[in-house]
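Survey of secondary and tertiary structure
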Amino acid sequence: MITLTRDQTDPEVVVCRCEEITESEIRAAIQMGAHTNDAVKLQTRAGMGLCQGRTCSSLIAQLIREETGIQYEELPPSRKRIPLRPIELSLFIQDVDD
Amino acid sequence: MSDYAEVTVIGGGAVGSSIAYHLAEQGLEVALVERGGLASGTSGSCQGTIIAQLFKPPLLSYVLESQKLYRQLNERGLDYGHDQTGTFVCFDREEQRAVVEKHARMVRTYGVNVSLYDQDELKAIDPTIGDGILGASVCLDDFITNPIKVAHSLAFAAQKLGAKLHLFSEVTDIEMTKGEISAVITRKGKIKTGCVVVAAGVWSPSITQMIDYSLPVYPQRGQLLVTEPVKRAKIRYIIDIDYLTTAFKPDEVKTSKDPRIQLGVAASLAQTQTGNWLLGSSRDLVGFDRSCTPDTLKWIVKRAMVFLPELGQLSCIRAFAGLRPITDDGMPILGKVEEITDLILATGLHGEGIILAPLWGKLIAELIKKNHTSMPIDLFDPARLQ
């Protein structure tokens, strides 16, 4: 699990690299009341990109803990959706009859 | 912890946030109460498209007024992601031509600027349009929004005007004292209040149930696919004329032999500001089930590729489903509940929640502050559904 440590932290460090959302944007959203990964996602787009939160979700959880005290175990998991990884749309219609 | 608010709005989506904003603008002390984060319900699982040209009276004039309010909010600097895409209502079967032309003539009489484009004119704008597309009714005044930003921008603007946001504060009870509402009880504490507005979408019935009011609002599922972000297209919002059937003619859907129509699928393809395409639309009644289903997704993609064949080459990064709050007569709900003093409903907006959010906020604020609204609301009276 990747973690941010104090000496690495820079408010402009990019946490969600797919959507290029910075630590300060995420901290601001948490301070404004976004207390779960999904709430942070809706407010900042962090977790909406190509990797769907694989890279950033544990980092966001860490920031939530730092800002609110809510522990990782107490956080509801973010909503998981298909597809498990990006798939070409044409694959969806392979067996549709006309 | 005991808070106080003159008005407590339950539901932190686009409609609830708009209501909180308009009430705060009128100087009222407002609490906006939401069980999750802002837009965590239907407002966060929809397309955000603001189309007027597919409506007809009586809703058409309300849609046009709400569009006006959006433009005013945009000019005031509210960042809800206004994107002037226009709408292209396309058809692929010759028998639909008359339907498209008739509808275009009708909306023109209400001041909606629509033009009919033939296949050549469409191809001149975007050569990648499907060869089967025969023409379109185009309204360049229609636009799209980011519905998540609609809710967030209005809620935070309301907060700047003095409204209190209570997030992650699920309502567990509504307290009555001597037959009148006296407080809203949430997981995080009690809010003393004299007036409650229920704008909780499909969850509104579970709220009104707390004070024994049975609200006939039901969930209708809609599925959407999200693509990877790609280069900005020339035509960024395409809607299928079959949408008139799937959205507004439930009886025809029920008796249709077409498996696509049975699943309520009609293309609604919108490219967002960030370059992702949102591909829809679908409608089915499965209770509160928000899962995505292979059959519906297949039909959405297949239908989408009739209009924009090149979409097939894009990657899908996510599929999701939202629940539209629907009513038996197809009309939304706005008004006071006769039997319960100071209970006001603002829900049942079908697939028009994001479209009507600004207007619903304005009308509710007028109703509460002046007991008089700038547009007639009898049509939306909750009593008609009892």
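Residues numbered from 1 in each chain as written. Chains lettered and ligands numbered in written order. Predicted model: local features only at pLDDT ≥ 70, side-chain atom pairs only at ≥ 80, totals over all residues. Heavy atoms only, no water.

**So, the pattern of salt bridges**
All names here are of chain B. Tallied over the full model, the rule gives 26 salt bridges over all chains. The partner of Asp242 in a salt bridge is Arg260, and the shortest N-O contact between them spans 2.7 Å. Placement of Asp242 in the loop between β13 (237-240) and α7 (243-248) and of Arg260 in helix α9 (residues 259-262) is noted, with a sequence separation of 18 residues between them. Taken as a pair, Asp242 and Arg260 share a single burial class, namely buried. When the shortest N-O distance is used, the salt bridge between Glu366 and Lys362 registers 3.9 Å. Of this pair, Glu366 and Lys362 both sit in helix α11 (residues 353-370), separated by 4 residues, roughly a single helical turn. Overall, the relative accessible area of 25% leaves Lys362 in the partly exposed class. (Salt bridge = Lys/Arg side-chain N within 4 Å of Asp/Glu carboxyl O. Helix = DSSP H or I, 4+ residues; strand = E, 2+ residues; numbered from the N terminus. Buried < 20%, exposed > 50% of the residue type's maximum accessible area, 1.4 Å probe, protein only.)

**Notes on the sheet that holds strand β15 (residues 276-280) of chain B**
Pairing is mixed across the open sheet formed by 9 strands, whose spatial order is β3(A)-β16(B)-β12(B)-β15(B)-β14(B)-β13(B)-β4(B)-β6(B)-β5(B). Pairing within the sheet leaves two strands with one partner each, and these edge strands are β3 (87-88) of chain A together with β5 (115-118) of chain B. Taken together, the 3 bridges between strand β12 (residues 218-229) of chain B and β15 of chain B define a ladder with antiparallel strand orientation. When the sheet's bridge partners are listed, Leu225 of chain B is paired in β15 of chain B with Leu279 of chain B. Together, β4 (87-91), β5 and β6 (135-139) of chain B form the strand contacts of helix α3 (residues 97-108) of chain B, whose direction differs from that of β5 of chain B by roughly 155°. (Pairing = 2+ DSSP bridges. Contact = heavy atoms within 4.5 Å. Axes fitted to C-alpha atoms, helices over the stretch in contact; angles between N-to-C directions.)

Any functional reading would require information that these geometric values do not contain.
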